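Listed below are the residues making up each chain.
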Amino acid sequence: MIDVSKHRGSLLAVTAGAAAVAGSYLLAGWSPSFVVRPVDQAIVNATPGAIVTFMIETVGDAGHLVHIAMAFATVVGLFGAIAFAGVRLSTRTGQSTVGAAVAGIGSWLLAAGLTGEPIQGVAAALPVAAVVAVAGPSPSSTGRRVDTESAPAGESLGTVDAVRRRTLGAVAAAVAFVAAAAIGRRSVAEDDDSLADAPRSEGATARVEEVESTSLAVESEDLLGMVTPIGEFYNVDIAEFDPALTANEWSLTFTGEVETERTVIFDELIDRPVEHRAVTLRCVGEQLNGRKLDNAVWTGTPIRPLLESVDPEGDCNCAMLRGEDGYYVQFPVDVLAEGFLAWGMNGKELPTGHGHPVRVLIPGHWGETNVKWLTEIELLNVEEDGYWEERGWEGTGEVNIVAKLWDEGVTTLSDGRIELAGHAYAGTRGIARVEVSTDGGDSWTDATLSDPLPDADVWRQWRHVFDPDGTHDVVVRAVDGEGTLQTRTPSDPSPTGSSGWVRRTVTE
Ligand SMILES: Nc1nc2c(c(=O)[nH]1)N[C@H]1C(S)=C(S)[C@@H](COP(=O)(O)O)O[C@H]1N2
Ligand SMILES: [Mo]
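About the thresholds
- Residues numbered from 1 in each chain as written.
- Chains lettered and ligands numbered in written order.
- Predicted model: local features only at pLDDT ≥ 70, side-chain atom pairs only at ≥ 80, totals over all residues.
- Heavy atoms only, no water.
- Core = buried A, V, L, I, M, F, W, Y, C linked by side-chain atoms within 4.5 Å.
- Buried < 20%, exposed > 50% of the residue type's maximum accessible area, 1.4 Å probe, protein only.
- Contact = heavy atoms within 4.5 Å.
- Disulfide = S-S within 2.5 Å.
- Salt bridge = Lys/Arg side-chain N within 4 Å of Asp/Glu carboxyl O.
- pLDDT = per-residue confidence, 0-100.
- Domains from an automatic or database assignment.
- Polar contact = N/O pair within 3.5 Å; in protein donor to acceptor, adjacent residues only side chain to side chain.
- Helix = DSSP H or I, 4+ residues; strand = E, 2+ residues; numbered from the N terminus.
- Nonpolar A, V, L, I, M, F, W, Y, C, P; charged D, E, K, R; others polar.
- Phe/Tyr/Trp six-rings, centres within 6.5 Å; stacked < 30°, edge-to-face > 60°.
- Lys NZ or Arg CZ within 6 Å of the ring centre and 35° of its normal.

**Things to note about the nonpolar core**
If you look at the biggest cluster of nonpolar residues, it comprises 59 residues, and the most contacted ones within it are Phe254, Leu321, Leu336, Leu341, Val360 and Ile377. Ignoring any residue separated from it by four or fewer positions in sequence, one finds Val360 in contact with Ile303, Leu321, Leu336, Phe340, Leu341, Thr369, Asn370, Val371 and Leu374. In this structure, Val36, Ala71, Ala103 and Ala111 belong to the second largest nonpolar core, which totals 31 residues.

Following this line, the structure appears as structure tokens:
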């Protein structure tokens with residue numbers, strides 16, 4: 001049994017803090033008016049670049065969990081402190097309504113201050129007030145018995161038992177509330193089935209099928225095909241929460257060194273010439289054999305005519321692209337001109353996590369150039385660092401070449417032979433060859449490749465089957481369309497992307 005009287009204050013504070021978060025979540029979901037979100041944003045902004053890079057390279061996506069956990073703990077602590085003060089006030093005045101009212105108003109001020117949403121702030125404040133009200137005053141400082149005679153009228157607590165009951169009642173009610181909020185708001189994962197078709201997506205499904213049909217017939221059941229399903233496509237975000245931007249709210253403005261500023265709205269954009277392009281994305285922060293490499297068929301329109309219409313005239317011939325989440329990246333206008341403004345993914349509307357309603361796709365360049373929730377293109381006179389470049393990365397250039405051999409790419413066939421299969425990618429240079437060694441690099445064999453596609457920036461699959469004899473030191477390497485062999489010397493992802501050859505031990 002919990003010693004309620006001893007830990008009563010902190011127990012109620014944590015309970016009230018959690019109830020505040022739950023109340024806010026119940027109303028706002030993962031939107032900007034959710035109280036945790038601004039705190040999370042502040043923590044993300046305050047984390048030094050070196051630590052962000054370290055987290056990406058070591059813990060990867062778990063870095064997000066660390067940020068979120070810190071943000072939740074901070075917010076629970078803030079509301080908890082207010083609730084704690086409320087309970088104290090109840091005790092001092094002997095009236096729980098006073099403490100509840102003050103805690104409620106304090107929480108409302110905090111919630112409104114954090115989110116800038118006074119009305120939605122009530123959803124965080126009410127549960128705090130309720131917990132403080134139900135909890136009532138504390139037992140006297142001697143902690144044993146509150147004299148019934150001296151208790152204020154209307155307050156029925158006579159014994160420590162009564163206090164314990166009220167405390168546990170408040171905690172139980174709040175826990176039930178938190179659970180109800182979590183269940184009621186359980187977010188629906190975005191995948192190919194839950195999303196609506198993209199506007200003007202006729203033909204997209206046929207292209208998905210065309211690209212997917214070039215997948216090699218492999219024995220492995222778990223190996224990704226040529227098109228990554230939406231729900232499995234990797235994700236890299238600077239913030240834990242995606243911007244909520246509807247197609248109607250969205251617009252893209254060309255600013256800075258332009259002859260004429262221009263704003264494009266969604267209906268105008270989707271009225272332009274449509275293409276369904278297979279484009280592969282790879283993050284510069286990815287480990288050599290990591291999983292931040294995926295391919296989809298994107299529906300969109302080329303950016304060049306739009307860019308030409310604003311007549312860029314800056315001295316550096318460079319542009320800063322900005323997303324609604326505060327992300328920014330800078331690179332040459334010539335590179336941007338090859339880009340593609342996408343509003344569809346695998347035939348579906350662009351999912352929130354991949355930049356709804358519009359992102360840019362830059363052929364052959366690292367993932368970070370593909371700004372999601374794209375709202376502004378600023379033409380510059382002088383080059384400036386983007387978000388990741390300010391943090392030490394050099395990831396705006398062309399991708400490195402890589403041949404992957406993931407765990408599920410190694411399969412023993414029924415006849416005892418071993419099948420090795422994977423993906424290889426070299427941006428717009430294309431993949432000319434994948435070579436496999438089963439003897440640690442002494443001898444090499446060309447792998448079978450999936451058929452080439454007309455798309456400029458898409459990966460290929462490779463497959464090689466061999467007769468095992470004991471333990472094999474398997475190495476894979478690719479050659480790009482310009483005849484350049486994948487660099488042998490290993491390097492970490494930071495700052496220009498990982499290099500080296502993927503190796504793994506395969507046993508019969
Ligand atoms: N607005 C915005 N765009 C962004 C990012 C971001 O955090 N915010 N991350 C970039 C990085 S580092 C990569 S690798 C790709 C990942 O795209 P995905 O999440 O759709 O896979 O988006 C890029 N575009
Ligand atoms: Mo990235």
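**Some words on the state of the cysteines**
A complete count under the given rule lists one disulfide for this structure. Between the sulfur atoms of Cys316 and its disulfide partner Cys318 the distance amounts to 1.9 Å. Note on the Cys316 and Cys318 pair: the S-S dihedral is about -85 degrees, so by sign convention the disulfide is left-handed. Each member of the pair, Cys316 together with Cys318, is buried.

**Focus on the pattern of salt bridges**
Evaluated as defined, the whole model comprises 23 salt bridges. Of the charged contacts in the structure, one is a salt bridge between Arg417 and Asp415, with a shortest N-O distance of 2.9 Å. Classification of Arg417 as partly exposed rests on a relative accessible area of 33%. The salt bridge involving Arg433 is made with Glu435; its shortest N-O contact spans 2.9 Å. Given a relative accessible area of 35%, Arg433 falls into the partly exposed group.

**Remarks on the confidence of the model for the protein**
With 92% of its residues at a pLDDT of 70 or more, the protein has an overall mean of 90. Across residues 141-157, confidence stays below pLDDT 50; counting only partners more than four residues off in sequence or on other chains, it has 22 contacts.

**Concerning the domain arrangement of the protein**
Partitioning the protein into domains gives domain 1 (8-184), domain 2 (204-391) and domain 3 (402-507). Each of domain 2 and domain 3 was reduced to a C-alpha centroid, and the two centroids are 27 Å apart. Residue-level contacts link 37 residues of domain 2 with 40 residues of domain 3. Where domain 2 packs against domain 3, one counts three salt bridges. Across the salt bridge formed by Glu408 and Arg291, the nearest N and O atoms sit 2.9 Å from each other. Connecting domain 2 to domain 3 are 24 residue pairs in polar contact (both at pLDDT 80 or more). Mapped onto the side of domain 2 that touches domain 3, the elements with two or more residues apiece are α8 (204-212), β3 (275-282) and β4 (293-302). The element that contributes the greatest number of residues to the side of domain 2 that touches domain 3 is β3, accounting for six residues. Of the residues assigned to the side of domain 2 that touches domain 3, the class counts are 15 nonpolar, 13 polar and nine charged.

**Describing unusual backbone geometry**
Most peptide bonds are trans, and most residues other than glycine sit at a negative phi. Residue Pro357 is bonded to the preceding His356 through a cis peptide linkage, with omega at 5 degrees. A cis amide bond links Ser494 with the next residue in sequence, Pro495, at an omega value of 5 degrees. Along the chain, the position of Pro495 falls in the loop between β18 (471-480) and β19 (502-507). Positive phi, close to 55 degrees, is recorded for Arg200, a residue that is not glycine. Positionally, Arg200 belongs in the loop between α7 (160-184) and α8. Notably, Asp311 is not glycine yet its phi reads approximately 55 degrees, a positive angle.

**Re the packing of aromatic side chains**
Applying the stated criterion across every chain, the model contains nine aromatic pairs. Centroid distance Phe233 to Trp298: 5.7 Å. Interplanar angle 85 degrees. Geometry classified as edge-to-face. Taken together, the residues span a long stretch of sequence, with Phe233 in the loop between α8 and β1 (251-256) and Trp298 in strand β4 at a distance of 65 residues. An angle of 80 degrees between the planes, with centres 6.1 Å apart, marks the rings of Tyr328 and Tyr387 as edge-to-face. Taken together, the positions of Tyr328 in strand β6 (residues 328-332) and Tyr387 in the loop between β10 (374-380) and β11 (402-403) put the pair 59 residues apart, joining distant regions of the chain. Comparing Tyr328 with Tyr387 shows no difference in burial state: the two are buried. One aromatic cluster is present, built from ring pairs that chain together Tyr327, Tyr328, Tyr387 and Trp388. Positioned over the ring face of Tyr387 is Arg391, at 3.6 Å from the centre of the ring.

**Focus: the side chain of Thr411**
Locating Thr411 in the fold gives a position in strand β12 (residues 410-412). A relative accessible area of 16% places Thr411 in the buried class. If near-sequence neighbours (up to four positions away) are discounted, Thr411 is found in contact with Glu219, Ser220, Arg417, Ile418 and Glu419.

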